[in-house]
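Inside the fold
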Amino acid sequence: MFLSLGLIFFLGVIGGIGFEKIKIPKIIWYLILGVLLGPSVFNILSEDLLNISAVLRQIALVLILTRSGLSLDLNSLKKVGISAILMCFVPACFEIIGIVIFAPILLHISYLEAFLLGSVLAAVSPAIVVPRMIQLKEKGYGKTIPEFIMAGASCDDIFVIVLFYSFKSLLSSQKLNPIQILQIPSSILFGILVGCIIGIIISKIYNKINNFTSYKIIILIGISFLFIFLENILKPYLAFSSLLAIIIMAIWIKIRNKDQAKKIQAGYNQLWQGFEILLFVLVGCATDITYALSKDGAILLGLLFIGLIFRSIGVALCIVGTSFNLKEKIYIIISYLPKATVQASIGGIALSEGLSCGALVLTAAVISILVTAPIGAIAMDLTYKKLLPYDPLSDTNNI
């Protein structure tokens, strides 16, 4: 296992730096590295590591959601108006609808499996989008557009992950009944309630240990793991969304103390750098390349583009009536194309839980990352000067 981890981190960092120098997102290299080290090619990685990959992916998901909650600025969301709120869920809903319409026809899967597949593919990638939006603000491009996109992208992930776990729960039971359907809103409400209560308590504890950021990070991670344990224990008796509780807890910490939240988020960002490599390599390792290159893989690629068309229509509808001009609207649509982190985090869950559509869902997740992450990133980098307004006074390079 130590040899496997050493290879993953060493080759991951070296290759990632090389890919970034040629303007390709480093996560693409991590996926390729996973394929090369995994059973599909050289089969180098330890089986012990592969056996705990589901747990490692869940830890990565906890880090992603906590970072999203700590970075979510509700005041910015209010400032940019109703369109920003619509961007949090409407594009994802449109993409899911497009996949639910076409996936059963093209892939011969059930509608419930199509909903699960759609919820995996529907998230935009803050890992690709957010750093670019920060750069645009620093360079003086886009006025309010970077904030508008960042706010929507952060919420988009949260919304899609909650949907994914709801559909997975329904699919795991193999049958639909009114009680199970009612469990979805009850798990959401209970998750919000627990997240609010613990968030308030944690904020008060944090005020007592004001100068110990590392302790705060450890406490937050520990409570997040306890939420997941609590969900598993309560499953037979009460529906509870541990992931939603984690998000809400993080949002409350941000509301109660922005300065503390910023420091904690910086710590989580450091942790994520290592887990990002591990997550994407393990996802690449679990991918069946022969399946991805088969006829079904080609169909999945076509389905991905259908979903992106529906997503783009959803984005366009969200920004109808705004003050953005045509060029700015085109850029916003482009910025909502890349997929990466969420697909890597939840793409393999259906397979690890033994669902019949598991291999299909994981392959779709990997294809979506390999195609949309570089295309979206390169498109954003090449078009912002042509499509977005420039304000010299906002350019921090001139200060």
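Once that is clear, we can look at unusual backbone geometry. Phi is mostly negative for residues that are not glycine, and the peptide bonds are mostly trans. Positioned with a positive phi, Lys23 is a non-glycine residue whose angle comes to about 65 degrees. Summarising the element assignment, Lys23 is placed in the loop between helix H1 (2-21) and helix H2 (26-37). For Lys143, which is not a glycine, the phi torsion comes out positive at approximately 50 degrees. For Lys143, the position within the fold is in the loop between helix H9 (126-139) and helix H10 (145-172).

When you line up the elements, Asp157 lands in helix H10. Arg311 provides the closest opposite charge to the buried, salt-bridge-free Asp157, at an N-O distance of 7.2 Å.

Between H2 and helix H14 (residues 258-286), whose axes approach to 6 Å, the crossing angle comes to 45 degrees. On the basis of the axis angle, H2 is oblique to H14. The chirality of how H2 crosses H14 is right-handed. Contacts between H2 and H14 involve Lys26, Ile27, Tyr30, Leu31, Leu33, Gly34 and Val35 from the first element and Glu276, Ile277, Phe280, Val281, Val283, Gly284 and Cys285 from the second. Looking at the contact of H2 with H14 residue by residue, the class counts come to 10 nonpolar, two polar and two charged.

This part covers helix H8 (residues 111-121). The element H8 is extensively covered by neighbouring structure, given that nine of its 11 residues are classed as buried. Among the residues of H8, Leu112, Glu113, Ala114, Leu116, Leu117, Gly118, Ser119, Val120 and Leu121 are the ones counted as buried. As for H8, its buried residues are in contact with helix H7 (90-107), H10, helix H16 (295-318), helix H18 (341-346), helix H19 (349-352) and helix H20 (358-387).

Tallied over the entire structure, the rule returns six salt bridges. For the salt bridge of Asp381 with Arg132, the shortest nitrogen-to-oxygen distance reads 3.0 Å. Placement of Asp381 in helix H20 and of Arg132 in helix H9 is noted, with a sequence separation of 249 residues between them. We classify Arg132 as buried; its relative accessible area is 17%. Notably, a salt bridge pairs Asp156 with Arg311, separated by 3.7 Å at the nearest N-O pair. With Asp156 in helix H10 and Arg311 in helix H16, this pair connects stretches of sequence that are 155 residues apart. With relative accessibility at 0%, the residue Arg311 sits in the buried group. When salt bridges that share partners are traced, they join Glu95, Asp156, Arg311 and Lys339 into one network.

In this section: the side chain of Thr372. By secondary structure assignment, the location of Thr372 is in helix H20. Using a relative accessible area of 3% as the deciding quantity, one classes Thr372 as buried. A distance of 2.5 Å separates the side chain of Thr372 from the backbone oxygen of Ser368, its partner in a polar contact. Other than its neighbours up to four places away in sequence, Thr372 contacts Leu304, Leu308, Leu337, Pro338, Lys339 and Ala377.

All right, on to the environment of Lys139 then. Position of Lys139 relative to the elements: it lies in helix H9. Along the chain, Lys139 and Ile64 lie 75 residues apart, while their C-alpha atoms are 27 Å from each other.

Attention now goes to the packing of aromatic side chains. Inspection of every chain in the model, using the stated rule, returns 11 aromatic pairs. Here the aromatic rings of Tyr141 and Tyr390 are separated by 4.9 Å at their centres, their planes lie at 40 degrees, and the arrangement is tilted. Within this pair, whereas Tyr141 is found in the loop between H9 and H10, its partner Tyr390 is found in the segment after H20, the two being separated by 249 residues in sequence. Here Tyr141 falls in the buried class, since its relative accessible area comes to 14%. On the numbers, 5.2 Å between centres and 65 degrees between planes, the contact of Phe190 with Phe240 is edge-to-face. One end of the pair, Phe190, is in helix H11 (residues 178-208); the other, Phe240, is in the loop between helix H12 (213-234) and helix H13 (242-256), and 50 residues separate them in sequence. Under the relative-accessibility criterion, Phe190 is labelled partly exposed at 23%. Here a set of aromatic residues connected by ring pairs shows up, and it is made of Tyr141, Tyr384 and Tyr390.

Moving on: H10. Given a rise of 1.5 Å per residue, 28 residues ought to cover 40 Å, and the 40 Å separating the end C-alpha atoms of H10 matches this to within 8%. Here H10 lies mainly inside the structure; 23 of its 28 residues are buried.

This part takes up a nonpolar patch on the surface. A cluster of nonpolar side chains, contributed by Ile32, Leu36, Val41, Phe42, Ile44 and Leu370, occupies part of the molecular surface with about 480 Å² of accessible area. As for its position among the elements, Leu36 is in helix H2.

Below, the discussion takes up the packing of helix H4 (residues 53-71) against H12. One can describe the packing of H4 onto H12 by two numbers: an axis separation of 11 Å at closest approach and a directional angle of 120 degrees. Our classification of the angle between H4 and H12 gives oblique. Viewed along their axes, H4 and H12 form a crossing whose handedness is right-handed. Of H12, the residues touching H4 (which contributes Gln58, Ile59, Val62, Thr66 and Leu70) are Leu220, Ser224, Phe225 and Ile228. Among the residues forming the contact of H4 with H12, the class breakdown is six nonpolar, three polar and no charged.

Conventions adopted
Residues numbered from 1 in each chain as written. Predicted model: local features only at pLDDT ≥ 70, side-chain atom pairs only at ≥ 80, totals over all residues. Heavy atoms only, no water. Helix = DSSP H or I, 4+ residues; strand = E, 2+ residues; numbered from the N terminus. Buried < 20%, exposed > 50% of the residue type's maximum accessible area, 1.4 Å probe, protein only. Lys, Arg positive; Asp, Glu negative; His and termini not counted. Salt bridge = Lys/Arg side-chain N within 4 Å of Asp/Glu carboxyl O. Axes fitted to C-alpha atoms, helices over the stretch in contact; angles between N-to-C directions. Parallel < 35°, antiparallel > 145°, perpendicular 65-115°, else oblique. Left-handed = near helix turned anticlockwise from the far one by under 90°. Contact = heavy atoms within 4.5 Å. Nonpolar A, V, L, I, M, F, W, Y, C, P; charged D, E, K, R; others polar. Polar contact = N/O pair within 3.5 Å; in protein donor to acceptor, adjacent residues only side chain to side chain. Phe/Tyr/Trp six-rings, centres within 6.5 Å; stacked < 30°, edge-to-face > 60°. Expected span 1.5 Å × (residues − 1). Patch = residues over 30% accessible without salt bridge, like charges linked within 9 Å, V, L, I, M, F, W, Y side chains within 5 Å. Areas by Shrake-Rupley, 256 points an atom, 1.4 Å probe, with all protein chains shown as cover.

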